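Okay, here's what each chain looks like letter by letter:
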Amino acid sequence: MGFSVPQEYKEFLVKWQEALKPFVDYHKWVHGDDFHVTLRFLGAVKPKTLHQLKRLLSTLKSAPLELQMNGLNFFGKEEQPRVMYAEIERDQEVLDFKTWCG
């Protein structure tokens, strides 16, 4: 379950990717338009369940969350990480929303 990233953050992260490319051996780098905030990784989801989740999320009425990046990190093997991610400052509003998402 994720949400898109504002354009200014995308541009910042794309610049970091470009700077890191000579030093990190990825098979494929993520396109800036595919950056997102993951609140909950669901894994494989049945189509019916996915449809229900999308319908439920479309009814969500909330003020936008203010997110602050807190640094860059990686996971996967140290010599060949699989994912680069920007850490998000975990304020109470973000933690409450993450809890609501399950």
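This text goes with the structure placed above it.
The structure presented is a predicted model; accordingly, all values stated were derived computationally and were not measured.

Some details on the pattern of salt bridges
Scanning the model with the defined rule gives 1 salt bridge in all. Here glutamate 18 and lysine 21 are joined by a salt bridge, their closest N and O atoms 3.1 Å apart. The class for glutamate 18 is partly exposed, based on a relative accessible area of 45%.

Overview of the side chain of glutamine 17
Relative to the helices and strands, glutamine 17 resides in helix H1 (residues 7-20). For glutamine 17, a relative accessible area of 6% gives the class buried. Engagement of the side chain of glutamine 17 in a polar contact is seen with the backbone oxygen of valine 30, the distance being 3.0 Å. Ignoring anything within four residues of it in the chain, the contact list for glutamine 17 reads Trp29, Val30, Phe35 and Met84.

Here we look at the pairing of strand S4 (residues 80-88)
Across 7 bridges, the pairing between strand S3 (residues 69-77) and S4 is antiparallel. Bridge assignment links glycine 76 to a residue of S4, and that residue is proline 81. Linking two consecutive strands that pair antiparallel, namely S3 and S4, is a turn of 2 residues.

Here we look at the environment of glycine 71
Structurally, glycine 71 can be placed in strand S3. Setting aside residues up to four positions removed in sequence, glycine 71 forms contacts with Tyr85, Ala86 and Glu87.

Regarding a negative patch on the surface
On the surface, a cluster of negative charge is contributed by Glu66, Glu89, Asp91, Glu93 and Asp96. The residue glutamate 89 is located in the loop between S4 and helix H3 (92-100) in this model.

Conventions used here
Positions within a chain are numbered from 1, following the residues in the order the chain's sequence is written. Local features in this predicted model are restricted to residues of pLDDT 70 or higher, and side-chain atom pairs are both shown and tallied only at a pLDDT of 80 or more, whereas totals for entire chains, interfaces and linings draw on every residue. For the side-chain quantities, the full set of heavy atoms in the structure was used; hydrogens and water were omitted. Each reported salt bridge corresponds to a side-chain nitrogen of Lys or Arg within 4 Å of a carboxyl oxygen of Asp or Glu. Between buried and exposed lies partly exposed: a residue is buried under 20% and exposed over 50% of the maximum accessible area for its type, with that area taken using a 1.4 Å probe on protein chains only. Secondary structure counts use DSSP, requiring at least four H or I residues in a row for a helix and at least two E residues in a row for a strand, with both numbered from the N terminus. The term polar contact refers here to a pair of N or O atoms within 3.5 Å; inside protein, the definition further demands a hydrogen-donor-capable atom paired with an acceptor-capable atom, and it admits residues adjacent in sequence only when both atoms are side-chain atoms. Only heavy atoms enter the contact rule, under which two residues are in contact if any of them lie within 4.5 Å. Only strands that DSSP links by at least two bridges are regarded as paired with each other. Patches draw on residues past 30% relative accessible area with no salt bridge. Two like charges within 9 Å are joined, as are two nonpolar side chains (Val, Leu, Ile, Met, Phe, Trp, Tyr) within 5 Å. Residue-level accessible areas treat just the shown protein chains as cover; the underlying method is Shrake-Rupley with a 1.4 Å probe. Counting rule applied: Lys, Arg positive; Asp, Glu negative; His and chain ends not counted. Think of each charge as sitting on NZ of Lys, CZ of Arg, CG of Asp or CD of Glu.

Bear in mind that shape data such as this cannot, by itself, settle questions of function.
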